[in-house]
Amino acid sequence: MGSFVAAAVAYPTAIYSTLLGVVLVYWLLAIVGLVDIEADGLNVEVGHPVDGELPELGAAASFMAALGLAGVPMSLSASLLVLFGWMFSCLAGMWLLPLVPAGGLQLLAGSGVLLGSALLALPPAWLSIRPLRSLFTTPEAARHVSLVGTLCTVRTLAVDDRHGQAEVETGGAVALINVRAGVPNSLTRGSVARILHYDVRLDRYDIRPEIQLRKS
């Protein structure tokens, strides 16, 4: 068994320790009000990159959502992943890696611990986020629901039951939202559609072509 400090500063836990230091600085800045923890949250619409229109943060948000870590600010999700990843890596560094012969084999084992710790961090991070979602999603969900019934403009080449994005005006600003529609349909870039429903679980809107809606 190795020491805690030795494990924390040795590979691979040193990587997590560095990330944990960044996380601690971030939250210290958040406590004193220098950063807004919700400004980088999953309020950014998540979905599939189409036509290169998604901002970089949208890709990160999509990744977090794919891991089941949506519903809270991305900074919180990332912090929990780092924290639990650090814990698992540190434990492995204390208990498992000292048993591996030094050299290339230990480096290989360390790389395995690095990746394994990231995977093991997912379940506890997900469980930790579950009770916190209600603290962040209520105002956001209300904002999403308020868009139902309004018109949006499709910004992707097509919209089907798996992909699609559209722009909608929200209080003077324009937001990019994930949309879905039954197929076949006439929706293409520039089409005007009406938002029919917001799926909270999948964070997406069901839309129909405005012309089709008027005919039905």
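In the block above lies the structure referred to throughout.
1. Things to note about the packing of aromatic side chains
- Tallying each qualifying case throughout the model produces 3 aromatic pairs.
- Aromatic side chains Phe-4 and Trp-86 sit 5.8 Å apart centroid to centroid with 85° between the ring planes, which places their arrangement in the edge-to-face category. Of the two residues, Phe-4 sits in helix 1 (residues 4-9) while Trp-86 sits in helix 4 (residues 74-95), which places them 82 residues apart along the sequence.
- Judged by centre distance (4.7 Å) and plane angle (40°), the rings of Tyr-198 and Tyr-205 are tilted.
- What makes Tyr-205 buried here is its relative accessible area of 0%.

2. Concerning the side chain of Thr-156
- By the element assignment, Thr-156 lies in the loop between strand 1 (151-154) and strand 2 (165-170).
- A relative accessible area of 1% places Thr-156 in the buried class.
- Side-chain polar atoms of Thr-156 contact the backbone oxygen of Ala-158, separated by 2.9 Å.
- Reaching out from Thr-156, the side chain makes a polar contact with the backbone nitrogen of Gln-165 at a distance of 3.3 Å.

3. Considering the nonpolar core
- Counting 16 residues, the largest nonpolar core has Ile-195 and Ile-207 as its most contacted members.
- Going through the elements one at a time, strand 1, strand 2, strand 3 (173-180), strand 4 (192-199) and strand 5 (204-209) are the ones with two or more residues in this core.
- For Ile-195, the contacting residues outside a window of four places in its chain are Leu-147, Val-148, Gly-149, Thr-150, Cys-152, Val-168, Ile-177, Tyr-205, Asp-206 and Ile-207.
- Within the second largest apolar cluster, 11 residues are counted, among which are Met-64, Phe-84, Ala-121 and Ile-129.

4. Structural notes on the sheet that holds strand 1
- Spatial strand order, 1-2-3-5-4: 5 strands in a closed barrel with mixed pairing. Mean inter-strand twist for the sheet, computed between neighbouring axes without regard to direction, equals 55°.
- In terms of strand pairing, strand 3 meets strand 5 through 2 bridges, oriented parallel. Residue pairing across strands places Val-179 opposite Tyr-205, the latter belonging to strand 5.

So, how was this worked out
- Residues numbered from 1 in each chain as written.
- Predicted model: local features only at pLDDT ≥ 70, side-chain atom pairs only at ≥ 80, totals over all residues.
- Heavy atoms only, no water.
- Phe/Tyr/Trp six-rings, centres within 6.5 Å; stacked < 30°, edge-to-face > 60°.
- Helix = DSSP H or I, 4+ residues; strand = E, 2+ residues; numbered from the N terminus.
- Buried < 20%, exposed > 50% of the residue type's maximum accessible area, 1.4 Å probe, protein only.
- Polar contact = N/O pair within 3.5 Å; in protein donor to acceptor, adjacent residues only side chain to side chain.
- Core = buried A, V, L, I, M, F, W, Y, C linked by side-chain atoms within 4.5 Å.
- Contact = heavy atoms within 4.5 Å.
- Pairing = 2+ DSSP bridges.
- Axes fitted to C-alpha atoms, helices over the stretch in contact; angles between N-to-C directions.

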